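Overview (structure and organization)
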Amino acid sequence: MSQNLLDRYLRTMTNMFGTPARALVKGDGVYVWDADGKQYTDFLAGIAVNALGHAHPALVEALTEQAQTLGHISNLFTSLPQVALAERLTALAGADEGACFFANSGTEANEAAFKLARRYGHSTGGTRGKIIALENAFHGRTMGALALTWKPQYREPFAPLPGGVTFVPAGDFAALQAELDDTVAAVVIEPVQGEAGVRNFPAGYLAQVRQACDDHGALLIFDEIQSGIGRTGTWFGFQNAELTGTEEPVVPDAMTLAKGLGGGMPIGAMVTFGRDVSDLFTAGQHGTTFGGNPLATATALAVLDTIESERILDNVREVGSYLAQQLRVLPGVKAVRAYGLWQGIELDTETLLAQGQKLPEGGLAPKVVAKALEYGYIINATGESTLRLAPPLIITQEQVEPLLSDLPDILAETVAEAN
């Protein structure tokens with residue numbers, strides 16, 4: 001059955017994603033099943049999307065109830081779920097006089113943020129044409145978001161991209177400060193760089209950038225598409241003292257959200273802070289057909305309600321801490337960068353090479369991902385030696401134990417097959 005679905009996929013779908021690893025047909029909690037009936041523990045959650053796992057009753061109920069009443073109305077009108085979600089997000093973010101724009105995805109939210117920076121530049125007399133982004137950043141693949149994305153292999157096939165973006169080394173405040181002057185409209189930063197391997201910055205870096213933006217009158221925009229909605233153990237990464245290195249949150253002028261916000265339903269959001277920033281867009285300057293529709297916003301409200309009522313942020317911190325501690329002592333693991341249930345595992349390729357071992361062609365981590373699938377685990381690689389875990393926020397300590405037990409064997413078998 002799986003092979004039949006994969007063959008049909010390859011005949012009918014574009015080649016943007018290559019050949020799918022499996023054809024999945026069912027999910028329940030932290031588990032999914034393929035078309036042949038094999039079960040997998042999902043340690044990727046649809047790339048940090050399925051915050052409440054698969055088929056969570058609260059999401060099913062919210063989606064079903066809303067579909068029976070009002071599905072789509074366009075943004076010529078509004079609905080209770082849309083307004084309620086905007087109120088909830090601005091309250092959770094502490095965004096006094098803040099506002100929301102709802103889209104369908106993270107890259108669309110970042111497109112809105114890109115345009116927000118341009119609007120700000122024009123509102124100050126047109127002298128602020130520059131946007132600063134970081135090396136190793138990932139903000140999406142549409143043209144504006146791609147202009148903010150660092151990886152040359154993503155960017156170069158689609159050049160020329162929208163101009164005015166300057167990249168500086170990630171975490172190097174002196175380099176950023178050298179580029180930050182009164183011609184800069186905005187600085188765009190992921191509080192943790194997810195696609196770069198779940199990498200944080202030096203303690204206090206985000207606060208330094210915040211102060212520098214204030215000094216030069218530039219906007220600070222946080223891309224919280226992966227770090228937001230509880231992934232690091234706080235509602236948003238900018239509220240997480242472990243990330244910021246400060247007692248108080250490092251509050252941006254705007255942030256973008258997606259992924260976990262809908263728990264599986266397509267939704268993105270840009271949240272602005274303060275009236276000056278919230279009023280930059282006027283009617284007709286940006287838009288969306290499906291963004292903020294009742295189905296997506298009702299489901300997102302259910303995600304937020306469930307995270308709060310079931311104290312899931314506590315679970316993220318507790319299970320995330322346990323998982324990181326156990327991973328760090330496993331053979332073959334060099335380091336673990338852990339922020340709640342978002343973890344980058346650096347494999348010890350140096351020791352393997354020193355022992356005379358060969359590494360698999362294409363990198364050790366991608367081959368470990370493939371071997372883990374054989375064992376029944378869905379994990380991810382962000383580079384040749386880096387694994388990424390981003391499981392559902394509801395995962396328990398008991399449910400992570402099998403991976404901890406099997407990972408040394410998965411690694412050993414992968415290395416043995418390359419030698």
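It should be noted that the structure appears before, not after, this text.
Cut-offs applied
- Residues numbered from 1 in each chain as written.
- Predicted model: local features only at pLDDT ≥ 70, side-chain atom pairs only at ≥ 80, totals over all residues.
- Heavy atoms only, no water.
- Helix = DSSP H or I, 4+ residues; strand = E, 2+ residues; numbered from the N terminus.
- Buried < 20%, exposed > 50% of the residue type's maximum accessible area, 1.4 Å probe, protein only.
- Contact = heavy atoms within 4.5 Å.
- Lys, Arg positive; Asp, Glu negative; His and termini not counted.
- Charge placed at Lys NZ, Arg CZ, Asp CG, Glu CD.
- Pairing = 2+ DSSP bridges.
- Axes fitted to C-alpha atoms, helices over the stretch in contact; angles between N-to-C directions.
- Core = buried A, V, L, I, M, F, W, Y, C linked by side-chain atoms within 4.5 Å.
- Parallel < 35°, antiparallel > 145°, perpendicular 65-115°, else oblique.
- Left-handed = near helix turned anticlockwise from the far one by under 90°.
- Nonpolar A, V, L, I, M, F, W, Y, C, P; charged D, E, K, R; others polar.
- Phe/Tyr/Trp six-rings, centres within 6.5 Å; stacked < 30°, edge-to-face > 60°.
- Lys NZ or Arg CZ within 6 Å of the ring centre and 35° of its normal.
- Polar contact = N/O pair within 3.5 Å; in protein donor to acceptor, adjacent residues only side chain to side chain.

Let us look at the overall build of the protein chain. Along the protein chain, the regular secondary structure elements total 16 helices and 15 strands. With respect to the three principal axes, the spread of C-alpha positions in the protein chain is 65 × 55 × 45 Å. Scored against the burial criterion, the 419 residues of the protein chain give a buried share of 53%. Taking the intrachain contacts of the protein chain between residues at least 6 apart in sequence as the baseline, contacts between residues at least 24 apart amount to 69%. Of the side-chain charges in the protein chain, 28 are positive and 47 negative, and the distance between the mean point of each set is 6 Å.

Turning next to the sheet that holds strand S12 (residues 343-347). Reading across the sheet, the 4 strands line up as S11-S12-S15-S14 and stay open at both edges, with antiparallel pairing between neighbours. Both outer strands of the open sheet, strand S11 (333-338) and strand S14 (380-381), are each paired with one neighbouring strand and no more. Of the pairings in the sheet, the one linking S12 to strand S15 (residues 386-389) comprises 4 bridges and is antiparallel in character. For glutamate 346, the partnering residue across the bridge sits in S15 and is threonine 386. Relative to S11, helix H13 (residues 312-328) is tilted by about 165 degrees, and along the sheet it contacts S11, S12 and S15.

Turning next to the sheet that holds strand S13 (residues 377-378). Spatial ordering of the open sheet is given by S1-S2-S3-S13, a layout of 4 strands whose pairing is mixed. What marks the edges here is a single partner per strand, and that holds for strand S1 (24-28) and S13. Judged from the 3 bridges that link them, strand S2 (residues 31-34) and strand S3 (residues 39-42) form a sheet pairing that is antiparallel. Along S3, the bridge assignment pairs tyrosine 31 with threonine 41.

Moving on, we get to the nonpolar core. Judged by nonpolar contacts, the single largest core of 81 residues is most densely connected at Leu89, Val187, Ile189, Phe236 and Leu261. In terms of residue count, the dominant contributor to this core is H13 (8 residues). Excluding anything up to four places from it in sequence, phenylalanine 236 contacts Leu89, Leu92, Ala93, Glu224, Ser227, Gly228, Ile229, Met255 and Leu257. Ranked by size, the runner-up nonpolar core spans 25 residues in total, among them Ala103, Ala117, Ala185 and Val277.

Glancing now at the packing of H13 against helix H16 (residues 397-418). Here H13 crosses H16 at 15 degrees, and the two axes come no closer than 11 Å. In terms of orientation, H13 and H16 fall into the roughly parallel class. In this structure, the crossing between H13 and H16 has a hand that is right-handed. Residues Val319, Tyr322, Leu323, Gln326 and Leu327 of H13 lie in contact with H16, whose contacting residues are Gln397, Val400, Glu401, Leu404 and Leu407. A per-class count over the contact of H13 with H16 returns 7 nonpolar, 2 polar and 1 charged.

Once that is clear, we can look at the packing of helix H15 (residues 364-375) against H16. Two elements in contact, H15 and H16, have axes separated by 9 Å at closest approach and are oriented at 120 degrees. If you check the angle between H15 and H16, you find them oblique. As H15 runs across H16, the sense of the crossing is right-handed. Of H16, the residues touching H15 (which contributes Leu364, Lys367, Val368, Lys371, Ala372 and Tyr375) are Asp406, Leu407, Asp409, Ile410, Leu411, Glu413, Thr414, Val415 and Glu417. Grouping the amino acids of the contact of H15 with H16 by side-chain chemistry returns 8 nonpolar, 1 polar and 6 charged.

Turning to the packing of aromatic side chains, a few remarks are in order. Going through the model one piece at a time under the given rule, you end up with 6 aromatic pairs. With a centroid separation of 5.0 Å and an interplanar angle of 40 degrees, the aromatic rings of phenylalanine 201 and tyrosine 205 are classed as tilted. Each member of the pair, phenylalanine 201 together with tyrosine 205, is buried. Members of the aromatic cluster, joined through ring pairs, are Phe236, Phe238 and Phe273. Geometry around tryptophan 33 places lysine 26 over its ring, the cationic atom sitting 4.6 Å from the centre. The positively charged end of lysine 38 is found above the aromatic ring belonging to tyrosine 40, 5.6 Å away from the centroid.

Pairing of S1 with S2 involves 4 bridges; the strand directions are antiparallel. Counterpart to glycine 27 in the pairing with S2 is valine 32. Linking S1 to S2, which pair antiparallel, is a turn of 2 residues; within it glycine 29 sits at a positive phi near 65 degrees.

On the secondary structure map, leucine 403 appears in helix H16. On the basis of relative accessible area, leucine 403 is assigned to the buried category, the value being 2%. Expressed as a C-alpha distance, the spacing of leucine 403 and leucine 323, which sit 80 residues apart in the sequence, is 9.8 Å. For leucine 403, the contacting residues outside a window of four places in its chain are Phe43, Tyr377, Ile379 and Leu389.

Moving on: the environment of arginine 155. Mapped onto the elements, arginine 155 comes out in helix H7 (residues 152-155). What makes arginine 155 partly exposed here is its relative accessible area of 22%. As for arginine 155 and alanine 354, which are separated by 199 residues in sequence, their C-alpha atoms are 35 Å apart. Apart from the residues within four sequence positions on either side, arginine 155 is in contact with Leu146, Ala147, Leu148, Thr149, Trp150, Leu161 and Phe167.

Turning to the side chain of aspartate 253, a few remarks are in order. Summarising the element assignment, aspartate 253 is placed in the loop between helix H10 (241-244) and strand S9 (254-257). Judged by its relative accessible area of 15%, aspartate 253 falls in the buried class. A polar contact is formed between the side chain of aspartate 253 and the side chain of arginine 210, at a distance of 2.9 Å. For aspartate 253, the residues in contact, after removing those within four places along its chain, are Arg210, Ala218, Leu219, Leu220, Val271, Thr272, Phe273 and Val277.

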